[in-house]
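Report on the structure
Chain residues, written in single-letter form:
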Amino acid sequence: MNQLNQTVVIDDTTLRDGEQSAGVAFSLAEKLQIAQQLSSMGVPELEVGIPSMGEQERYEIKAISALNLPCELLVWSRMCSEDLPHCLNLGVSKVDLSISASDQHIKHKLNKTPEWVLANID
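Residues numbered from 1 in each chain as written. Predicted model: local features only at pLDDT ≥ 70, side-chain atom pairs only at ≥ 80, totals over all residues. Heavy atoms only, no water.

In terms of regular secondary structure, the protein chain is built from four helices and four strands. Ordered by position from N to C terminus, the α and β elements of the protein chain give β-α-β-α-β-β-α-α. Each principal axis of the C-alpha distribution contributes one length, and for the protein chain these read about 50 × 45 × 30 Å. Relative to its full complement of 122 residues, the protein chain shows a buried share of 31%. Surface summary for the protein chain: the accessible area is close to 8100 Å², and the carbon and sulfur share equals 51%. Separation between the mean location of the 9 positive side-chain charges and that of the 17 negative ones in the protein chain comes to 5 Å. (Helix = DSSP H or I, 4+ residues; strand = E, 2+ residues; numbered from the N terminus. Buried < 20%, exposed > 50% of the residue type's maximum accessible area, 1.4 Å probe, protein only. Areas by Shrake-Rupley, 256 points an atom, 1.4 Å probe, with all protein chains shown as cover. Lys, Arg positive; Asp, Glu negative; His and termini not counted. Charge placed at Lys NZ, Arg CZ, Asp CG, Glu CD.)

Time to look at the sheet that holds strand β3 (residues 72–78). Across the sheet, four strands lie side by side as β1-β2-β3-β4; this open sheet has parallel pairing. Each of the sheet's edge strands pairs with one partner strand only, and the pair in question is β1 (11–12) and β4 (94–98). Relative to strand β2 (residues 45–47), β1 runs parallel, the two being bridged by two bridges. Counted as the bridge partner of D12 is L46 from β2. (Pairing = 2+ DSSP bridges.)

The first and last C-alpha atoms of helix α1 (residues 28–40) sit 18 Å apart over 13 residues, in line with the 18 Å expected at 1.5 Å per residue. Every buried residue of α1 is accounted for by K31, I34, A35, L38 and S39. Angular distribution of buried residues about the axis of α1 spans 125 degrees; they occupy a single face of the element. Away from its buried face, by an angle of more than 90 degrees, α1 presents the exposed residues A29 and S40. On its buried face, α1 is in contact with β1, β2 and α2 (55–65). Of the residues one or two after α1, G42 is the one with positive phi, at around 95 degrees. (Expected span 1.5 Å × (residues − 1). Arc of directions from axis to C-beta. Contact = heavy atoms within 4.5 Å.)

Here the largest pocket is characterised by a volume of approximately 430 Å³. Looking at the largest pocket, it is lined by 15 residues, and the ones nearest its centre are R78, S98, I99, S100 and L110. Here the residues of the lining of the largest pocket are counted per class, giving seven nonpolar, four polar and four charged. (1 Å grid on protein atoms, 1.4 Å probe; cavity = no way out; pocket = protein on both sides within 12 Å on 5 of 7 lines; lining within 4 Å. Points joined across faces, edges and corners; volume = space filled by probe spheres on them. Nonpolar A, V, L, I, M, F, W, Y, C, P; charged D, E, K, R; others polar.)

What follows covers the nonpolar core. It is characteristic of soluble globular proteins that their nonpolar side chains tend to be buried jointly. Membership of the largest hydrophobic core comes to 16 residues, with the highest contact counts inside it found for L46, V48, L73, V75 and V92. Contributions of two or more residues to this core are made by α1, α2 and β3. Filtering out sequence-adjacent residues up to four positions away, L73 remains in contact with L46, V48, I64, S65, G91, V92, S93 and K94. (Core = buried A, V, L, I, M, F, W, Y, C linked by side-chain atoms within 4.5 Å.)

Here it is as structure tokens:
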């Protein structure tokens, strides 16, 4: 059996996905504190927001970036050309691009086909 050198990287999504829970909205001070605490625990990657949500979200992403934490920061974006410009100049090193890929999601939530998904990747 071949063993591959594999590295596991913890990518914490609290600052992005954590706010998608009902009734949860972090203040900027809370976001800064969460980012600092996760970084101090050695979490190597923090997903810090969704730039296309608006100017306030981008301001808060820049504020987290200004902390100069010793971890990589990334943002989440739909895989479409209208969202990507919002990801520029935020002080993050990565963009997590997302598009619906599961048959169940495509068929039952979007009411589309896999061909439609592929055709709509900008």
